[in-house]
Amino acid sequence: MKKVSHLILHKGNTVNTIEAHKPVFEALEIMISKNIGALIVYQDGEYKGLLTERDYARKVAIMGKNSHDTKVSEIMQTNPASVKFEDSIEKCMEIMSDKHIRYLPVIADKHVVGLVSMGDLVRFIIEDQKNTINHLQNFISGAVS
């Protein structure tokens, strides 16, 4: 059974962050420049939550708020669902499906050590299935010859 640690090893553990007191506009600039959909939120070096494009759409744009005046802390998710290195890829898929979310922070010792997106999971599963197919084809080819 493949674990979150396998996925993080494969994709890398880069975590993009923003401070809770920053304006939402700054968070959007980071997301756009890095072509990502979520940021981990910190306050004074401590993990506080998650900010996604969906949070912006639902809590700023639709509500008629100004992204320059609204602080990240006002719209971020506190205590979002998360996973650990030892959790399975299947558990990630279950959580994301059940909660209708696209991002899961990976937590170790109260620190965020990675961020898994639905896209990451799909790419990882497809790659894993391709590898399994290749191994089976090689095995069958060797057994037949």
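Structure shown above.
Residues numbered from 1 in each chain as written. Predicted model: local features only at pLDDT ≥ 70, side-chain atom pairs only at ≥ 80, totals over all residues. Heavy atoms only, no water.

Trainee: How would you sum up the pairing of strand S6 (residues 111–117)? Please name residues and give values.
Mentor: Buried residues dominate S6, accounting for 5 of its 7 residues. Taken together, the 6 bridges between strand S5 (residues 103–108) and S6 define a ladder with antiparallel strand orientation. The partner of Val106 across the bridge, within S6, is Gly114. What sits between the antiparallel neighbours S5 and S6 is a turn of 2 residues, in which Asp109 has the positive phi angle 50 degrees. (Buried < 20%, exposed > 50% of the residue type's maximum accessible area, 1.4 Å probe, protein only. Helix = DSSP H or I, 4+ residues; strand = E, 2+ residues; numbered from the N terminus. Pairing = 2+ DSSP bridges.)

Trainee: Lay out the environment of Met76 with the relevant residues and their values.
Mentor: Along the chain, Met76 turns up in the loop between helix H4 (72–75) and strand S4 (77–78). Along the backbone, Met76 and Thr17 are 59 residues apart, and their C-alpha atoms lie at a distance of 12 Å. Not counting the four nearest positions on each side in its chain, Met76 is found in contact with Val41, Lys48, Leu50, Leu51 and Lys59. (Contact = heavy atoms within 4.5 Å.)

Trainee: Run through the nonpolar core, naming residues and quoting values.
Mentor: If you look at the biggest cluster of nonpolar residues, it comprises 14 residues, and the most contacted ones within it are Ile18, Ala27, Met31, Leu39, Val41, Leu51 and Val72. Residue assignment for this core shows that the elements contributing at least two residues are helix H2 (24–34), strand S2 (38–43) and H4. Looking at this core element by element, the count peaks at 5 residues for H2. Among all residues touching Val41, those that are not within four sequence positions of it are Ile18, Glu19, Ala20, Glu46, Tyr47, Lys48, Gly49, Leu50, Leu51, Val72 and Met76. (Core = buried A, V, L, I, M, F, W, Y, C linked by side-chain atoms within 4.5 Å.)

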